[in-house]
Amino acid sequence: MKTKKITERIKGFFKTNISFKIFSLIFAFVMWFIVMSSLNPSETKTYSVTLTVNGAEDLAESDLVCLNLEELQSQVVRVKIKATRPDLNSLDNNKDKLTAMIDLGRLTSYAEEDLSKGFNVSVIPNLSVYSSSYEIVGYSPSGLTAELDRLVEFTVPIRVSVLNETEAGYIHGDLVPSVSTVTVKGPETLADTVAYASLEVDLSGLTYDTAASVMPVLYDEDGKAVDTNLFTVDSGSIDVAVEIMKEGEVRVEAPQFTGSAASGYSVTDVIVEPEILKVLGKENAQTGTITLPSVNINGAAETIERIFNVEELLAEKGLEAASDEFKNVKVQIVIEQEDPAVVVIPGSAISITGLGEGLELGEALSGVSIEVYGNKDTIAAADITGRIDLSGLSEGMHTVEVEPVLPGGTSLVDSVYIEVELVSTEVTEEETTEETTEEPETEEIITEEPSFEEESVLGE
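None of the values given here were measured: they were computed from a predicted structure.

Some details on the overall build of the protein
Along its length, the protein carries nine helices and 32 strands. In the protein, once contacts between residues fewer than 6 apart in sequence are set aside, the share between residues at least 24 apart is 77%. Surface summary for the protein: the accessible area is close to 29,700 Å², and the carbon and sulfur share equals 48%.

Dropping the structure here:
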């Protein structure tokens, strides 16, 4: 019950004399604002401000440079402002109006002094919105040390590097800058830290020769970019000629060979490595061939290996090797000992020369087997004959060499001999004379007896 009565009283309070109560609330707020405006005390608040560095250009005109410029530019200055709370709240929304700066230009007067020591520079805070209600009551730091050095000029070489790649199927050739060195201006004590100037060329999607204009970037020996606040390049942008070539392939034909291998040896294989060369051409690189120079194998009894540099052969076709591995071709001409073919020369196919007068063969010549090196098809198709020379030989048994008549490109494995008997033709004539001087056979005399008929006639 008690809770219910309290609730009803509250409802009654808000339902009765509403206009009067609203007026009382507004009047109280106005009175509070008047009192606070006339009696509001000042407060102090600290703001952090990034330091602005001026006068670097003035130093450069006097051939001076601030070595710790980047450090100074990142310096934070803490400034204490005294004002009323409303003014401070207003400044919170306009912090860019509060600044702090140093002026390096004042240090140009020290150009001829010893620069190995630091030089103090005063920090100057500033509130750009003038109002007597704001007061700078303190700031820190009040001064900073600037490290100075003299500017000198020196040259460094240019290196060209590639950003991104060309269109698929294309590759860049030489990237040639218009100059080989650039002049750099920077601190004398740090000049040795600059190793080279890099020209970074973007080749994205290129399919043709072009020229790019690139600003050089300075690097040290470790490939780290050098502080551009300390060093400048006098040349500005530099032109780089870019050569773009299309990729292709060329087949290498095995070389011909001259001469003949040693007797009993022949070429069994020719190995070319690599058989396909990856090449680059100015236009669409067509698949073609190059022929290697011939190789002399005369008298060779083992495999011959040759290394051919093919750069000139490719250049004749307007091409170049895509990489070092395609600039040379290794050729192996494999030479191995042959298996000889066996050929039988019949006695009738052996001709005779030099047979002495009054001599003849005792018996007909027998056939002879020989072993021949060479192409077996050539040997099989040839009508191989032989000859023997009997010059100076006398009557009796003799061993003579048979000289085969072989087709071109073949050779005899080993000498072959045959037994021949020579007999004198005069012996045969003496035997004939002896036969004619023998006593003739007794001539048989036949006496005919008369027949009985004849006897009867006579008896009559």
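Text resumes after the structure shown.
Comments concerning the side chain of Asn68
Tracing the backbone through its elements, the reader meets Asn68 in the loop between strand S2 (64-66) and helix H4 (69-73). Apart from residues no more than four positions distant in its own chain, Asn68 is found in contact with Thr145, Ala146 and Glu147.

Some points on the layout of surface pockets
The computed volume of the largest pocket comes to approximately 400 Å³. Lining the largest pocket are 21 residues, and of these Tyr265, Ser266, Glu338, Gly374 and Gly409 lie nearest its centre. Among the elements that line the lining of the largest pocket, the one with the most residues is strand S18 (residues 265-273), at three residues. Partitioned by chemical class, the residues of the lining of the largest pocket number seven nonpolar, 11 polar and three charged.

Details of a nonpolar patch on the surface
Taken together, the side chains of Ile18, Ile22, Ile26, Phe29 and Val30 present a nonpolar region at the surface, about 480 Å² in accessible area. Structurally, Ile22 can be placed in helix H2 (residues 18-39).

Topic: the pattern of salt bridges
Two side chains carrying opposite charge are able to pair once their charged atoms lie near each other. In the structure shown here, the tally under the stated rule is nine salt bridges. Two residues, Glu311 and Lys327, come together in a salt bridge whose shortest N-O distance is 4.0 Å. One end of the pair, Glu311, is in helix H6 (residues 311-315); the other, Lys327, is in the loop between strand S23 (319-321) and strand S24 (328-337), with 16 residues separating them in the sequence. Residues Lys327 and Asp324 are paired through a salt bridge, measuring 3.0 Å at the closest nitrogen-oxygen approach. Through salt bridges with shared partners, one network takes in Glu311, Asp324 and Lys327.

Details of the nonpolar core
Ranked by size, the top nonpolar core spans 30 residues in total, and within it Leu51, Cys66, Leu72, Ile81, Ile102, Leu104 and Leu107 carry the most contacts. Those elements giving two or more residues to this core turn out to be strand S1 (42-54), S2, H4, strand S3 (76-84), helix H5 (85-92), strand S4 (98-103), strand S5 (119-122) and strand S8 (143-146).

Re the sheet that holds strand S28 (residues 368-373)
The strand order S25-S28-S31 describes an open sheet built from three strands, whose pairing is antiparallel. Each edge of the open sheet carries a strand with a single partner, namely strand S25 (341-345) and strand S31 (411-412). For S28 and S31, the ladder comprises two bridges, and the chain directions are antiparallel. Residue pairing in the sheet places Val372 in a bridge with Leu412 of S31.

Here's the deal with the sheet that holds strand S26 (residues 350-353)
With respect to topology, five strands assemble into an open sheet ordered S26-S29-S30-S32-S27, the strand pairing being mixed. Both outer strands of the open sheet, S26 and strand S27 (359-361), are each paired with one neighbouring strand and no more. Taking each pair of neighbouring strands and ignoring which way they run, the sheet shows an average axis angle of 40 degrees. Pairing of strand S30 (residues 396-405) with strand S32 (residues 416-424) involves seven bridges; the strand directions are antiparallel. Note that in S32 the partner of Gly396 across the bridge is Leu422.

Comments concerning the side chain of His398
Tracing the backbone through its elements, the reader meets His398 in strand S30. Each residue touching His398, except ones within four places of it in the same chain, is listed here: Leu393, Ile418, Glu419, Val420 and Leu422.

Some words on the packing of aromatic side chains
Counting across every chain of the model gives three aromatic pairs. Seen from their ring centres, Phe154 and Phe231 are 6.3 Å apart, and the 85 degrees between their planes marks the pair as edge-to-face. On the criterion of sequence distance, the pair formed by Phe154 in strand S9 (residues 148-163) and Phe231 in the loop between strand S14 (217-219) and strand S15 (232-233) is long-range, its members being 77 residues apart. Accessibility assignment for this pair places Phe154 and Phe231 in one class, buried. Ring plane angle 15 degrees and centroid distance 5.6 Å describe the contact between Tyr196 and Tyr219, whose orientation is recorded as stacked. Pair noted here: Tyr196 is in strand S12 (residues 196-202) and Tyr219 is in strand S14, with a separation of 23 residues, a long-range link. Of the residues examined, Tyr196 reaches a relative accessible area of 11% and is grouped as buried. Assessed through its relative accessible area of 14%, Tyr219 is described here as buried.

Quick notes on the environment of Pro125
With respect to the element layout, Pro125 can be found in strand S6 (residues 124-127). The buried category is assigned to Pro125, whose relative accessible area is 16%. The residues contacting Pro125, other than those within four sequence positions of it, are Val79, Thr99, Ala100, Ile136 and Tyr139.

Considering the environment of Pro177
Relative to the helices and strands, Pro177 resides in strand S10 (residues 170-177). Looking at Pro177, the relative accessible area reads 22%, which means it is partly exposed. Considering only alpha carbons, one finds Pro177 and Ser213, 36 residues apart in sequence, at a separation of 9.4 Å. Apart from residues lying up to four places away in sequence, Pro177 is in contact with Ile158, Val160, Leu199, Asp239 and Val240.

Focus: the environment of Glu71
Note on placement: Glu71 falls in helix H4. Taking the C-alpha atoms as reference points, Glu71 and Ala146, 75 residues apart in sequence, are found 9.6 Å from one another.

Section: unusual backbone geometry
Here the amide bond leading from Ser140 into Pro141 is cis, since omega sits at 0 degrees, within 30 degrees of zero. By secondary structure assignment, the location of Pro141 is in the loop between strand S7 (135-140) and S8. Look at the link from Glu273 to Pro274: it is a cis peptide, with omega at -5 degrees. Counting through the fold element by element, Pro274 comes out in the loop between S18 and strand S19 (276-281). Unusually for a residue other than glycine, Asn164 sits at a positive phi of about 65 degrees. By the secondary structure assignment, Asn164 is in the loop between S9 and S10. Owing to a relative accessible area of 48%, Asn164 belongs among the partly exposed residues under this scheme.

Conventions adopted
Residues numbered from 1 in each chain as written. Predicted model: local features only at pLDDT ≥ 70, side-chain atom pairs only at ≥ 80, totals over all residues. Heavy atoms only, no water. Helix = DSSP H or I, 4+ residues; strand = E, 2+ residues; numbered from the N terminus. Contact = heavy atoms within 4.5 Å. Areas by Shrake-Rupley, 256 points an atom, 1.4 Å probe, with all protein chains shown as cover. 1 Å grid on protein atoms, 1.4 Å probe; cavity = no way out; pocket = protein on both sides within 12 Å on 5 of 7 lines; lining within 4 Å. Points joined across faces, edges and corners; volume = space filled by probe spheres on them. Nonpolar A, V, L, I, M, F, W, Y, C, P; charged D, E, K, R; others polar. Patch = residues over 30% accessible without salt bridge, like charges linked within 9 Å, V, L, I, M, F, W, Y side chains within 5 Å. Salt bridge = Lys/Arg side-chain N within 4 Å of Asp/Glu carboxyl O. Core = buried A, V, L, I, M, F, W, Y, C linked by side-chain atoms within 4.5 Å. Buried < 20%, exposed > 50% of the residue type's maximum accessible area, 1.4 Å probe, protein only. Pairing = 2+ DSSP bridges. Axes fitted to C-alpha atoms, helices over the stretch in contact; angles between N-to-C directions. Phe/Tyr/Trp six-rings, centres within 6.5 Å; stacked < 30°, edge-to-face > 60°.

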